[in-house]
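Each chain, letter by letter, is given below.
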Amino acid sequence: MADTAIHKGLAGVVADTTAISTVDAATDSLTYRGYPVQDLAETRTFEEVAHLIWTGDLPDREQLTAFTARERAGRALDRSTLDLLRRVPESAHPMDVLRTAISYLGADDPAEDRGADLATAERLMARLPSVVAADRRRRHGLDPIPPDPSLGFAENFFHMCFGEVPGPGVVRCFEASLVLYAEHGFNASTFAARVVTSTRSDAYSAVTAAIGALKGPLHGGANEAVMHMLNEIGTADRAEEWVDRALAGKRRIMGFGHRVYRNGDSRVPTMHRALVRMAEARGAGDLMELYAAVERAMADRKGLHPNLDYPAGPAYHLMGFDVPMFTPIFVMSRITGWTAHILEQQAANALIRPLSAYSGPPHRAVPAQRSQVSAVANR
Ligand SMILES: CC(=O)SCCNC(=O)CCNC(=O)[C@H](O)C(C)(C)COP(=O)(O)OP(=O)(O)OC[C@H]1O[C@@H](n2cnc3c(N)ncnc32)[C@H](O)[C@@H]1OP(=O)(O)O
Ligand SMILES: O=C([O-])CC(=O)C(=O)O
């Protein structure tokens, strides 16, 4: 095994083909089914993009009407799921609550194929926001607010969280973030879902694994970590010194760097514009100065660019969401990409099972135990 090439972290390994998206390192660009993501985020609703990701095409008017009707009808949680949410310890992180809820929904699904279809993907997309919103209200000592079928996906989420819907500018910024977060090739959580699917396990198990992978701060958990970091630094004048100290201590600066993009994340300019609009609406000039100061320091010290989690974290903060909701919101969006990959993996499956190069002790004989046995016998 001495001359075996090791691809630590599977970096640079092409594991399969996909027709869902391209994450192009050469041009730092991202397309969903061929469409540039920034154009989708500027012009399309999240519902339209979900349909695109799953089926390969943007919906026509009839398809959109039928799909939104199904999504709106599928939002409500039944009493047993709401009871389950009440029983999860209040100290649990909302990602743990979400993972538990998906496990429960899977255990409760009587379908024989255990979620191996588009209908399950749609149902999960419809229900996840209800879980996230109900859990938020529980943590604030409030009862859940039932979904409103007259509202679109993004508006309804605000309604279920806060009992009111903000102006269209805020909803549009939120919706853009959902479009940007929806899909990103073989990232760690999607790959986890594909690994589980490749064993012919069920879709709920695959999504549960994906949620576990997304939670980590090197992946989706970074959008929360960004906000914790900005809160810890406090003001723009402390940013440089803070970054220097963190880098000297070998800390990772959250929201910077990317495994695929080397010259900047294709989604950041669009999300940055949404953040600027939110900051203007909320009068958050100080936060934007701090944001820019950390970005400057990282470019200067490490030559590293922000990834999507860097603008998304503070944008969610300015929309009124508390920090532990940021990664669950990512799940509400990425469920579309995950389920598209689950279906794609199922349609042309091969068990995912890489090799490893052994690095432990050489082959050796198990020592005889006679002396110990006789020692025990003679006691
Ligand atoms: C939506 C998303 O999931 S996007 C990713 C969100 N995650 C984050 O923002 C967490 C912070 N970023 C990171 O930890 C990394 O950039 C990752 C995990 C995203 C990508 O990591 P990798 O591709 O494995 O890069 P790798 O670990 O090889 O880093 C290369 C070098 O850059 C450094 N580096 C990379 N990112 C950072 C960072 N954010 N802060 C400090 N140093 C960094 C590494 O320490 C390493 O330096 P070294 O060679 O001196 O050891
Ligand atoms: O692609 C990745 O490795 C991480 C990422 O940006 C995403 O999943 O959106």
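Residues numbered from 1 in each chain as written. Chains lettered and ligands numbered in written order. Predicted model: local features only at pLDDT ≥ 70, side-chain atom pairs only at ≥ 80, totals over all residues.

An unreviewed UniProt entry annotates the chain as Citrate synthase of Nocardiopsis composta. In its Catalytic activity (unreviewed entry) section, the UniProt record describing the chain reads: "oxaloacetate + acetyl-CoA + H2O = citrate + CoA + H(+)". (UniProt positions renumbered as here; feature names shortened; annotations may be inferred.)

Student: Could you give an account of helix α16 (residues 326-347), naming the residues involved and the relevant values?
Tutor: The terminal C-alpha atoms of α16, which comprises 22 residues, lie 32 Å apart, in line with the 32 Å expected from a rise of 1.5 Å per residue. Most of α16 is tucked away: 18 of the 22 residues are buried. (Helix = DSSP H or I, 4+ residues; strand = E, 2+ residues; numbered from the N terminus. Expected span 1.5 Å × (residues − 1). Buried ≥ 20, exposed ≤ 12 C-beta atoms within 10 Å, placed from the backbone.)

Student: Explain the site of ligand 2 residue by residue, including any values.
Tutor: Every residue near ligand 2 is listed here: His184, Asn187, Arg259, Val260 and Asn307. Within the shell around ligand 2, the residues separate by chemical class into 1 nonpolar, 3 polar and 1 charged. (Near = placed C-beta within 6 Å. Nonpolar A, V, L, I, M, F, W, Y, C, P; charged D, E, K, R; others polar.)

Student: For the sheet that holds strand β3 (residues 35-36), give the residues involved together with the corresponding values.
Tutor: A sheet is described by the order of its strands in space; here 3 strands give the open sequence β1-β2-β3, paired in antiparallel fashion. The open sheet terminates on both sides in strands that have one partner only, identified here as β1 (21-24) and β3. With 4 bridges joining them, β1 and strand β2 (residues 29-32) adopt antiparallel strand pairing. Note on β2: the bridge partner recorded for threonine 22 is threonine 31. (Pairing = 2+ DSSP bridges.)

Student: Summarise the site of ligand 1; cite the residues concerned and give the values.
Tutor: Neighbouring ligand 1 are 18 residues; Ala222, Ile253, Phe256, Gly257 and Arg259 lie closest to it. For the shell around ligand 1, a count of residues per class yields 7 nonpolar, 7 polar and 4 charged.

Student: Can you lay out the packing of helix α6 (residues 118-139) against helix α7 (residues 153-162) for me, pointing to particular residues and giving the numbers?
Tutor: Close contact between α6 and α7 brings their axes to 8 Å; oriented N to C, the two are set at 25°. The pairing of α6 with α7 is recorded here as roughly parallel in orientation. Where α6 crosses over α7, the handedness of that crossing is right-handed. Residue-level contacts link Pro129, Ser130, Ala133 and Arg136 of α6 to Asn156, Phe157, Met160 and Cys161 of α7. Tallied by class, residues from the contact of α6 with α7 come to 5 nonpolar, 2 polar and 1 charged. (Axes fitted to C-alpha atoms, helices over the stretch in contact; angles between N-to-C directions. Parallel < 35°, antiparallel > 145°, perpendicular 65-115°, else oblique. Left-handed = near helix turned anticlockwise from the far one by under 90°. Contact = placed C-beta atoms within 7 Å.)

Student: Talk me through the domain arrangement of the chain; I want residue IDs and the actual numbers.
Tutor: Partitioning the chain into structural domains gives domain 1 (20-216 + 322-347) and domain 2 (223-317). For domain 1 versus domain 2, the distance between C-alpha centres works out to 25 Å. Contact with domain 1, which involves 21 residues of that partner, is made by 23 residues of domain 2. At the level of secondary structure, the elements contributing two or more residues to the side of domain 1 that touches domain 2 comprise β2, α1 (37-43), α8 (168-181) and α16. At 7 residues, the largest contribution of residues to the side of domain 1 that touches domain 2 is made by α8. Its residues placed into classes, the side of domain 1 that touches domain 2 shows 15 nonpolar, 5 polar and 1 charged. (Domains from an automatic or database assignment.)

Student: Go over the UniProt feature "active site" (unreviewed entry) in the chain, please, and point to the residues and values.
Tutor: In this structure's numbering, the residues bearing the UniProt feature "active site" (unreviewed entry) are His258 and Asp309. In sequence the annotated residues extend across 52 residues, while in space they remain close, none of their C-alpha pairs exceeding 10.6 Å. Along the chain, the position of histidine 258 falls in the loop between α12 (239-248) and α13 (268-282). We classify histidine 258 as buried; it has 22 C-beta atoms within 10 Å. In this structure histidine 258 touches Asp265 and Asn307, once residues within four positions along its chain are discounted. When you line up the elements, aspartate 309 lands in helix α15 (residues 309-318). Not counting the four nearest positions on each side in its chain, aspartate 309 is found in contact with Ala222, Asn223, Val226 and Gly255.

Student: Could you give an account of the pairing of β2, naming the residues involved and the relevant values?
Tutor: The side-chain alternation of β2 yields one buried face, formed by Leu30 and Tyr32, and one unburied face, formed by Ser29 and Thr31. As paired strands, β2 and β3 are joined by 2 bridges and run antiparallel to one another. Opposite threonine 31, over in β3, you have proline 36 as the bridge partner. Where β2 hands over to β3, the hairpin turn is made up of 2 residues, of which arginine 33 adopts a positive phi near 50°.

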